[in-house]
Amino acid sequence: MHAGTGKGEIFAYADGTWLPVELPVGGGHLSYAQIVEHAGATYVLPAMVDTGPPTLFELDETGLKFVAEHRLQGLDGARLVDGTMGEHEGCW
């Protein structure tokens, strides 16, 4: 939680250092970031209720920058609080 804005931000911790994860959400509140690894790619699914519909962000090899965003199909009007993805019989 950023003390100046009161909004949550996503950070990665590596080698004793906190590094910001760059996501294209225009300064909205982010929290409860689930990390998903699938088929050699790394994704993050943050809770972003006031920022937009549920979106899965694909990260680069450093895990600090997004390279693509994927809106979750059928959830365009939904605002999920602490959503968690899981795989079941080949579907997510």
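Before reading on, note that the structure itself is shown above.
This is a predicted model, so every value here is computed, not measured.

J.: Describe the overall build of the chain, naming the residues involved and giving the relevant values.
T.: When helices and strands are counted, the chain shows zero helices and six strands. The N-to-C order of helical and strand elements in the chain reads β-β-β-β-β-β. Here the C-alpha atoms of the chain give a radius of gyration of 13 Å, agreeing with the 12 Å that 2.2 N^0.38 yields for 92 residues. By principal-axis analysis of the C-alpha atoms, the chain measures approximately 40 × 30 × 20 Å. Counting every position in the chain, which comprises 92 residues, the buried fraction comes to 29%. Put simply, of all contacts in the chain between residues at least 6 apart along the chain, 30% involve residues at least 24 apart. For the chain, the exposed surface amounts to about 6,100 Å²; the carbon and sulfur share of it is 52%. Treating the 4 positive side-chain charges of the chain as one cloud and the 13 negative ones as another, the clouds have centres 12 Å apart.

J.: Run through the sheet that holds strand β4 (residues 41–47), naming residues and quoting values.
T.: In spatial order, the strands read β3-β4-β5-β6; together these four strands make up an open sheet with antiparallel pairing. The two strands at the open ends of the sheet, each matched to only one other strand, are β3 (31–38) and β6 (66–71). Averaged over all pairs of adjacent strands, the angle between their axes in this sheet comes to 25°, without regard to strand direction. Where β4 and strand β5 (residues 55–59) come together, three bridges link them in antiparallel fashion. Counted as the bridge partner of Val-44 is Phe-57 from β5.

J.: Just give me the short version of the packing of aromatic side chains, but keep the residues and values in it.
T.: Evaluation of the coordinates by the stated rule reveals two aromatic pairs. On the basis of an interplanar angle of 80° and a centroid distance of 6.5 Å, the ring pair of Phe-57 and Phe-66 is categorised as edge-to-face.

J.: Which residues make up empty space enclosed by the protein, and what values do they have?
T.: The full count for this structure, using the stated rule, is one cavity of 30 Å³ or more. As a volume, the largest cavity reaches approximately 80 Å³. Contributing to the lining of the largest cavity are Leu-45, Pro-46, Ala-47, Met-48, Val-49, Gly-52, Pro-54, Arg-79, Leu-80 and Gly-83. Residues of the lining of the largest cavity, tallied by class, amount to seven nonpolar, two polar and one charged.

J.: Now, about unusual backbone geometry: what can you tell me, with residues and values included?
T.: The backbone phi angle of Tyr-32 is positive, close to 40°, even though this residue is not glycine. Within the secondary structure, Tyr-32 is located in strand β3. Taking the relative accessible area as the measure of exposure, Tyr-32 reaches 43% and is therefore partly exposed.

Calculation criteria
- Residues numbered from 1 in each chain as written.
- Predicted model: local features only at pLDDT ≥ 70, side-chain atom pairs only at ≥ 80, totals over all residues.
- Heavy atoms only, no water.
- Helix = DSSP H or I, 4+ residues; strand = E, 2+ residues; numbered from the N terminus.
- Rg over C-alpha atoms; globule rule 2.2 N^0.38 Å.
- Buried < 20%, exposed > 50% of the residue type's maximum accessible area, 1.4 Å probe, protein only.
- Contact = heavy atoms within 4.5 Å.
- Areas by Shrake-Rupley, 256 points an atom, 1.4 Å probe, with all protein chains shown as cover.
- Lys, Arg positive; Asp, Glu negative; His and termini not counted.
- Charge placed at Lys NZ, Arg CZ, Asp CG, Glu CD.
- Pairing = 2+ DSSP bridges.
- Axes fitted to C-alpha atoms, helices over the stretch in contact; angles between N-to-C directions.
- Phe/Tyr/Trp six-rings, centres within 6.5 Å; stacked < 30°, edge-to-face > 60°.
- 1 Å grid on protein atoms, 1.4 Å probe; cavity = no way out; pocket = protein on both sides within 12 Å on 5 of 7 lines; lining within 4 Å.
- Points joined across faces, edges and corners; volume = space filled by probe spheres on them.
- Nonpolar A, V, L, I, M, F, W, Y, C, P; charged D, E, K, R; others polar.

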